[in-house]
Amino acid sequence: MWEPSIKGFKAWLQLEKSLSDNSVQAYIRDVELLLRFLVINKEQKAPAAVEPADLRVFLKWIHELGFSSSSQARILSGIKSFYRYCILEQISQTDPTTLLEAPKRKRILPDTLSFEEIEKLIAQIDLSKPEGPRNKAMLETLYSCGLRVSELVQLQLSKLYLDLGFVRVRGKGDKERLVPIGTISQRWLKKYLDTAFHEIIGDRQTEYLFPTKTSDAMSRQAFWQMIKKYSKKADIEVHLSPHTLRHAFATHLINHGADLRVVQMLLGHSDLSTTQIYTHIAQARLKDLHEKHHPRG
């Protein structure tokens, strides 16, 4: 009953929505979780027979399983997308998700770094080996452009316009955007491409801007391990994530008066509300600084 619908939903997400493989798999897992719930509860219902009451019990079930409010909201979003597809393809005449509301998400501000901490982090790179200038160029580019780690490691040489000071980035949903590169990042990119780049790949060919010795793109996991190593050497106490430098990029721009919509475009956010989290980070940072340094804080 469900397999043809799930297969069609997957093709719809790939072709019509142009979502990445990771995003598509996440949506499919959401629908399969609903199917698992129905099987456990011996509800052998086709997608069209699922009712709002079934979904309310489903949401209670995933809550009791320990899913966070943000995970519950994401799962419900996946189910809603599935039923949009079912309506379009006339698999179902009604949408049981219409009146369902996701649990309110608790606002959690992501950890970020001060400019001084970023300087300290980058200072840990050993420039005596070919990988050093590459890693320095990577971190400078990540912070300068506010990229996702997946976007950074997949950057292609043909997408770098160093003479113009821009890089063309392929982000979520296969969407491309032009992002300016800061002058310090440009300087390290040029130095790296003139020397260490050729030492790393030797006689091999590569399409990637930051290849490994095999000429392949560096994995997100390898880059993350590199960041953790430098963080440990720098004695940085902030809990780091692969997005920490991206968070720092956005927060520092807003702290220095950048327009929120400009930051949205640079980050590649489709929704301005996603970008607004950085105004809260900036406000929290200002409050902390006031309490720490003001004589009556």
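Below or above, wherever it landed, is the structure these notes cover. Given the structure is predicted, the values throughout are model-derived calculations rather than measurements. (Residues numbered from 1 in each chain as written. Predicted model: local features only at pLDDT ≥ 70, side-chain atom pairs only at ≥ 80, totals over all residues. Heavy atoms only, no water.)

## A look at the overall build of the protein chain
The following threshold applies: Secondary structure elements follow DSSP: runs of H or I no shorter than four residues count as helices, runs of E no shorter than two count as strands, and numbering proceeds from the N terminus. Residues count as neighbours in contact if any of their non-hydrogen atoms are within 4.5 Å of one another. Each accessible area is a Shrake-Rupley result for a 1.4 Å probe, and residues are judged covered by the shown protein chains and nothing else.
Assigned secondary structure in the protein chain consists of 14 helices and three strands. Within the protein chain, contacts between residues at least 6 apart in sequence are counted, and of these 60% link residues at least 24 apart. Taken as a whole, the protein chain presents about 17200 Å² of accessible surface, with 51% of it coming from carbon and sulfur.

## A word on the pairing of strand E3 (residues 176-180)
Looking along a regular strand, one sees the side chains alternate between the two faces of the sheet. As a reminder, the rule being used: Burial here depends on accessible area, computed with a 1.4 Å probe over protein chains only, as a share of the maximum for the residue type. Under 20% is buried, over 50% is exposed, and the range in between is partly exposed. When DSSP finds at least two bridges between two strands, those strands are taken to pair.
Of the two faces of E3, only the one carrying Arg177 and Val179 is buried; Glu176, Leu178 and Pro180 on the other face are not. Where strand E2 (residues 166-170) meets E3, five bridges bridge the pair, whose relative direction is antiparallel. Each bridged residue has a counterpart across the sheet, and for valine 169 the counterpart in E3 is arginine 177. Linking E2 to E3, which pair antiparallel, is a turn of five residues; within it glycine 173 sits at a positive phi near 65°.

## Some words on the side chain of arginine 177
So the rule is basically this: Here a polar contact means two N or O atoms within 3.5 Å. Within protein one must be a hydrogen donor candidate and the other an acceptor candidate, and residues neighboring in sequence count only if both atoms are side-chain atoms.
Mapped onto the elements of the fold, arginine 177 is located in strand E3. There is a polar contact of 2.9 Å between the side chain of arginine 177 and the backbone oxygen of leucine 266.

## Points about the pattern of salt bridges
Oppositely charged side chains can pair when the atoms bearing their charge come close. We count it as follows: Note on definitions: salt bridges are taken to be side-chain nitrogens of Lys or Arg within 4 Å of carboxyl oxygens of Asp or Glu.
Tallied over the full model, the rule gives ten salt bridges. A single salt-bridge network, built from bridges that share partners, covers Lys159, Arg168, Arg170, Asp174 and Glu176.

## So, the nonpolar core
Our working definition: We define the nonpolar core as a collection of buried residues of types Ala, Val, Leu, Ile, Met, Phe, Trp, Tyr and Cys that are connected through side-chain atoms lying within 4.5 Å of one another.
By size, the foremost hydrophobic cluster in this structure holds 50 residues, and its most contacted members are Leu139, Phe210 and Phe223. The residues touching leucine 139, leaving out its near neighbours within four places in the chain, are Leu121, Ile122, Ile125, Phe223, Met226, Ile227, Tyr230 and Leu245. Val24, Leu38, Phe58 and Ile79 belong to the second largest nonpolar core, which has 26 residues in total.

## Side note on helix H12 (residues 260-267)
Note on helix geometry: an α-helix contains 3.6 residues per turn, so any two residues three or four positions apart are oriented the same way. Heads up, the condition is: Along the arc lie the directions from the helix axis toward the C-beta atoms.
Taken together, the buried positions of H12 are occupied by Leu260, Val263, Gln264, Leu266 and Leu267. One face of H12 carries all of its buried residues, which in axial projection span an arc of 165°. Among the exposed residues of H12, those pointing more than 90 degrees away from its buried face are Arg261 and Met265. For H12, the N-terminal cap is aspartate 259; the gap from its side-chain oxygen to the backbone nitrogen of arginine 261 is 2.9 Å.

## A word on the packing of aromatic side chains
How we decide: Think of it this way: a Phe, Tyr or Trp ring, Trp meaning its six-membered ring, pairs with another when their centres are within 6.5 Å, and the plane angle makes it stacked under 30 degrees, edge-to-face over 60, tilted otherwise.
Counting across every chain of the model gives twelve aromatic pairs. Consider the rings of tyrosine 192 and phenylalanine 210, whose centres lie 5.7 Å apart with planes at 25°: the pair is stacked. Residue tyrosine 192 is located in helix H8 (residues 183-194), and its partner phenylalanine 210 is located in the loop between helix H9 (196-201) and helix H10 (220-233); the two are separated by 18 residues in the primary sequence. Taking the relative accessible area as the measure of exposure, tyrosine 192 reaches 0% and is therefore buried. For phenylalanine 210, a relative accessible area of 0% corresponds to the buried category. One aromatic cluster is present, built from ring pairs that chain together Trp2, Phe9, Trp12, Tyr27, Phe82, Tyr83 and Tyr85.

## Overview of the environment of serine 215
One can find serine 215 in the loop between H9 and H10. Along the backbone, serine 215 and aspartate 203 are twelve residues apart, and their C-alpha atoms lie at a distance of 9.9 Å. Those residues in contact with serine 215, other than ones at most four positions away along the chain, are Ile201, Arg204, Gln205, Thr206 and Tyr208.

## Here we look at the sheet that holds strand E1 (residues 160-161)
As summarised here, the arrangement of the three strands in space is E1-E2-E3, forming an open sheet in which the pairing is antiparallel. The sheet is open, and its two edges are formed by E1 and E3, each paired on a single side.

## A word on helix H2 (residues 21-40)
Basically, it comes down to this: Multiplying 1.5 Å by the helix residue count minus one yields the expected span of that helix.
In a regular helix each residue adds 1.5 Å, so 20 residues correspond to 28 Å; H2 covers 28 Å between its end C-alpha atoms and thus fits that length. Of all the residues in H2, the buried ones are Val24, Ala26, Ile28, Asp30, Val31, Leu33, Leu34, Phe37 and Leu38. Residues of H2 that are buried sit in contact with helix H1 (3-15), helix H3 (52-64) and helix H4 (69-88). At the C-terminal side of H2, lysine 42 shows a positive phi close to 55°.

## As for a nonpolar patch on the surface
Applied cut-off: Each patch is built from residues lacking any salt bridge and having more than 30% relative accessible area; the joining distance is 9 Å for like charges and 5 Å for nonpolar side chains (Val, Leu, Ile, Met, Phe, Trp, Tyr).
A cluster of nonpolar side chains, contributed by Leu164, Phe166 and Leu178, occupies part of the molecular surface with about 290 Å² of accessible area. By the secondary structure assignment, phenylalanine 166 is in strand E2.

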